[in-house]
Amino acid sequence: MKTLLFSSPIFISKPTTNNITHKASLFSSQLGFSCCPMNINTTSNAFKLRVIRNNSKEYEDEDEDEDEDEEKDGLLLGAEKDTVAEFQLIPQSGVFEVGNFHDGILASKDDEESVDDELIQERNTQLTYNIVFVTSEASPYSKTGGLGDVCGSLPIALAARGHRVMVVSPRYLHGGPSDKKFAGATNLNCGTKVHCFGGIQEVDFYHEYRAGVDWVFVDHPSYHRPGNPYGDMYGAFGDNQFRFTLLCQAACEAPLVLRLGGFTYGEKCLFLANDWHAGLVPVLLAAKYRPNGVYKDARSIIAIHNLAHQWYGALEWIFPTWARTHALDTGQAVNILKGAIVTADRILTVSQGYSWEITTPEGGYGLNELLSSRKFVINGITNGIDVTEWDPSSDVHIASHYSVDDLSGKIDCKIALQKELGLPVLPDCPLVGFIGRLDYQKGIDILLSATPNLLQDDVQFIMLGSGEKQYEEWMRASEAAFSDRFRGWVGFNVPISHRITAGCDILLMPSRFEPCGLNQLYAMRYGTIPVVHGTGGLRDTVKSFNPFAEEGKGEGTGRLTSECTLLLCDFEQMDLLTIDKRMHVGFQYEQVFEWAFIDPPYVT
């Protein structure tokens, strides 16, 4: 792969006097966009790329708020089987296979906002792109789970490798302490009007340049409310389709109208749209912009973090039975993610295993046939983790530091955790942890059935998470019933999650499906054994181990049952894993970026 990168030309930016006024005017009349006049004029310094050979080298954080919103995702909805009849797939020039990429850890910022020297040294060997991330959440500004972690760290890693990177996300204001996360962002005073849901909406853009990345926040009253990015205690917000349609419209305008560092990103961008919330970006490029001569050289990639979360029936109208194409047609009016899968130039998933699972009936959630038809542009890259935040040798949240060369501090972290949670201080007692969302996907019902038998042994069990109320109540009841062995923390707390990861001997992840998973990567880095169900990214990142093979008790079947969970928790026969060291993932994405530009873009 490095040979390929070395043999490719290097693109560098060159300021030009490129007149794009006529295109802005075209959108004002045909698409309803009103661009910021101060940024679009006859002498606008748009980026133009020129090619030089690669023998010429071109060199070109704040702590997370501890008051995190409770960890919630979108609704888990049923499957849909229809395909999109209005679009035709353009054949690609060849079939490309991404091999089993090494699992990656993303470089990140430190308190001085410096960038890893190792990443800087790699910058002279690659193509550079203007990359626009579009996401509903990006840590540390907003986060409910892995999506926020990835979209908060991956842009920094790519910027460190020489790319120009913008992240576009909503400016969520909840009326609480979490609002101060946006304190460093300033209003660009570039209000933009867009047509959305039959009316004209005006959005503002806020901007913060941090760790080499342009963090752009779309401001609109629909993002100002209590709760998390998707809902509150009463469920998902009813206007989510409107809110994220607005995000997509604004994100498509941002590279054209925002002069960041003196220059707009221009039309030759690579849009990286994350999950259904950003799914309209590829659709807008194909159906509105390119037919009108804009973004002809841009490309788009849809990154699927969790296919189970799709937005169905968003128009609150269902086709009558007589109008449906067949018996399996459920009649939902809109599926934004389906449109993105059809119109995007490439499709990415967050692990190699998950890239295959989404093409199966079990993992495709109604889109498996469509995804199978595009499997030649699907690639899986395992998510990385922030090695600055998740480092046991410097973690500010844990009681004692330790490393792969000296694990003595880990037992101190265990004792400190037992004291903090009011458990008996027993250094030799196996301490088991769980961190995650309390729902069906995460296998909480499996833990519920296994826990009574598990706690009959000399074991302590700690759970941190929020989700379905029945499981939250079960955690509280279990703590009352097993006061000396079980602790349940309902909610989410960043420092506590670090202390559980460092203090536990084993971390349980009995997920029914897991596109990637990050907690198992955190656990391995902290010398904590991950016990996982062999699915998706968990299977890719955790080496299979059967402690009973030599005793003739058979090999693991991979079945997800309470008996399986108990079997794997025979702690006396497990050896402590060393802290896992992994490669950076930047070059893996760069290879997919290069493939995205090989063929012409999709145009309706």
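Residues numbered from 1 in each chain as written. Predicted model: local features only at pLDDT ≥ 70, side-chain atom pairs only at ≥ 80, totals over all residues. Heavy atoms only, no water.

Per an unreviewed UniProt entry, the protein chain goes by Starch synthase, chloroplastic/amyloplastic and derives from Centaurea solstitialis. As its UniProt record puts it under Pathway (unreviewed entry), the protein chain is described as follows: "Glycan biosynthesis; starch biosynthesis." Here is the UniProt Catalytic activity (unreviewed entry) comment for the protein chain, exactly as written: "[(1->4)-alpha-D-glucosyl](n) + ADP-alpha-D-glucose = [(1->4)-alpha-D-glucosyl](n+1) + ADP + H(+)". (UniProt positions renumbered as here; feature names shortened; annotations may be inferred.)

Draft legend 1. Main features of the overall build of the protein chain. Secondary structure assignment for the protein chain yields 18 helices and 19 strands. Classification of the 604 residues of the protein chain by burial places 58% in the buried group. When the accessible surface of the protein chain is totalled, it reaches about 24400 Å², and 52% of it is carbon and sulfur. (Helix = DSSP H or I, 4+ residues; strand = E, 2+ residues; numbered from the N terminus. Buried < 20%, exposed > 50% of the residue type's maximum accessible area, 1.4 Å probe, protein only. Areas by Shrake-Rupley, 256 points an atom, 1.4 Å probe, with all protein chains shown as cover.)

Draft legend 2. Just the side chain of Glu-267, in detail. In this structure, Glu-267 sits in the loop between α5 (240-257) and β11 (270-274). Note on Glu-267: relative accessible area 17%, which makes it buried. Side-chain polar atoms of Glu-267 contact the backbone nitrogen of Tyr-295, separated by 3.0 Å. (Polar contact = N/O pair within 3.5 Å; in protein donor to acceptor, adjacent residues only side chain to side chain.)

Draft legend 3. Summary view of unusual backbone geometry. Here the amide bond leading from Ser-139 into Pro-140 is cis, since omega sits at 5°, within 30 degrees of zero. For Pro-140, the position within the fold is in the loop between β3 (130-134) and α4 (146-160). Of note in this structure, Ala-211 is not a glycine but carries a positive phi near 55°. The topology assignment puts Ala-211 in the loop between β7 (199-210) and β8 (213-219). With a phi close to 60°, Tyr-295 is a non-glycine residue in the positive phi region. The residue Tyr-295 is located in the loop between α6 (280-289) and β12 (299-304) in this model. Look at Tyr-295 and you get buried, because its relative accessible area is 0%.

Draft legend 4. Just helix α11 (residues 408-420), in detail. For α11, which comprises 13 residues, the first-to-last C-alpha distance of 19 Å matches the rise-based estimate of 18 Å (1.5 Å per residue) to within 8%. Inspection of α11 places Gly-409, Lys-410, Cys-413, Lys-414, Leu-417 and Gln-418 among the buried residues, and these make up the whole buried set. Among the structural elements, β15 (431-435), β16 (460-465) and α14 (494-503) are those in contact with the buried residues of α11. (Expected span 1.5 Å × (residues − 1). Contact = heavy atoms within 4.5 Å.)

Draft legend 5. Highlighting the environment of Phe-133. When you line up the elements, Phe-133 lands in strand β3. Overall, Phe-133 belongs to the buried group, its relative accessible area being 0%. Taking the C-alpha atoms as reference points, Phe-133 and Val-216, separated by 83 residues in sequence, lie 9.8 Å from one another. Aside from chain neighbours lying at most four places away, what touches Phe-133 is Leu-154, Pro-155, Leu-158, Val-165, Met-166, Val-167, Val-168, Leu-272 and Asn-274.

Draft legend 6. Main features of the sheet that holds strand β17 (residues 486-490). Here 5 strands make up an open sheet; going across it, the order is β17-β16-β15-β18-β19 and the pairing parallel. A strand with exactly one partner marks an edge of an open sheet, and here the two such strands are β17 and β19 (529-532). In this sheet, neighbouring strand axes are inclined to one another by 20° on average, regardless of whether the strands run parallel or antiparallel. Bridge analysis of β15 against β16 gives 5 bridges, and the strand direction is parallel. Bridged to Leu-431 within β16 is Gln-460. Across the face of the sheet, helix α12 (residues 444-454) comes into contact with β15, β16, β17 and β18 (506-509) while running at roughly 160° to β16. (Pairing = 2+ DSSP bridges. Axes fitted to C-alpha atoms, helices over the stretch in contact; angles between N-to-C directions.)

Draft legend 7. Representation of the packing of α11 against α14. At a minimum axis separation of 8 Å, α11 and α14 run at an interaxial angle of 125°. Here α14 runs oblique to α11, going by the angle between their axes. When you trace α11 past α14, the crossing you get is left-handed. Contacts from Lys-410, Cys-413, Lys-414, Leu-417 and Glu-420 in α11 reach Ile-496, Arg-499, Ile-500, Thr-501, Ala-502 and Gly-503 in α14. The class makeup of the residues in the contact of α11 with α14 is 5 nonpolar, 2 polar and 4 charged. (Parallel < 35°, antiparallel > 145°, perpendicular 65-115°, else oblique. Left-handed = near helix turned anticlockwise from the far one by under 90°. Nonpolar A, V, L, I, M, F, W, Y, C, P; charged D, E, K, R; others polar.)

Draft legend 8. Quick peek at the pattern of salt bridges. Tallied over the entire structure, the rule returns 13 salt bridges. Here Glu-357 and Arg-539 are joined by a salt bridge, their closest N and O atoms 3.5 Å apart. Of the two residues, Glu-357 is situated in helix α8 (residues 352-357) and Arg-539 in helix α16 (residues 536-541); the sequence distance between them amounts to 182 residues. Look at Arg-539 and you get partly exposed, because its relative accessible area is 38%. With its nearest N and O atoms 2.9 Å apart, the salt bridge here joins Glu-473 to Arg-476. In this pair, Glu-473 and Arg-476 both sit in helix α13 (residues 469-481), 3 residues apart, roughly one turn of the helix. Here Arg-476 falls in the partly exposed class, since its relative accessible area comes to 42%. (Salt bridge = Lys/Arg side-chain N within 4 Å of Asp/Glu carboxyl O.)

Draft legend 9. Inspection of the pairing of β8 at higher detail. When you tally the buried positions in β8, you get 7 out of 7 residues, the bulk of the element. Burial of the side chains of β8 extends over both faces: Val-213, Trp-215, Phe-217 and Asp-219 are buried on one face and Asp-214, Val-216 and Val-218 on the other. As defined by bridge partners, strand β4 (residues 164-170) adjoins β8 across 5 bridges and the pair is classed as parallel. By the bridge assignment for β8, Pro-170 is matched with Val-218. For β7 and β8, the ladder comprises 7 bridges, and the chain directions are antiparallel. Each residue of the ladder has a partner; that of His-207, found in β8, is Val-216. The turn linking β7 back onto β8 is made up of 2 residues, and Ala-211 within it adopts a positive phi angle of 55°.

Draft legend 10. Molecular detail of α6. Summarising burial for α6: 8 of the 10 residues are buried, a large majority. Every buried residue of α6 is accounted for by Leu-280, Val-281, Pro-282, Val-283, Leu-284, Leu-285, Ala-286 and Tyr-289.

Draft legend 11. Structural view of the confidence of the model for the protein chain. Looking at the protein chain as a whole, the pLDDT averages 75, with 69% of positions reaching at least 70. Predicted confidence for residues 1-125 stays below pLDDT 50, and this span has 301 contacts to residues more than four positions away or in other chains. (pLDDT = per-residue confidence, 0-100.)

Draft legend 12. Fine view of the packing of aromatic side chains. This structure, assessed with the given rule, holds 19 aromatic pairs. Judged by centre distance (6.0 Å) and plane angle (80°), the ring pair of Tyr-172 and Tyr-223 falls under edge-to-face. Placement of the pair is Tyr-172 in the loop between β4 and β5 (186-187) and Tyr-223 in the loop between β8 and β9 (231-232), with a sequence separation of 51 residues. Of the two residues, Tyr-172 and Tyr-223, neither departs from the other in class, the shared state being buried. An angle of 85° between the planes, with centres 6.5 Å apart, marks the rings of Tyr-402 and Tyr-526 as edge-to-face. Of this pair, Tyr-402 sits in the loop between β14 (378-380) and α11 while Tyr-526 sits in the loop between α15 (519-525) and β19; the two residues are 124 residues apart in sequence, bridging distant segments of the chain. A connected cluster of aromatic rings, assembled from ring pairs, spans Tyr-129, Tyr-589, Phe-593 and Phe-597. Positioned over the ring face of Phe-237 is Arg-225, at 4.7 Å from the centre of the ring. (Phe/Tyr/Trp six-rings, centres within 6.5 Å; stacked < 30°, edge-to-face > 60°. Lys NZ or Arg CZ within 6 Å of the ring centre and 35° of its normal.)

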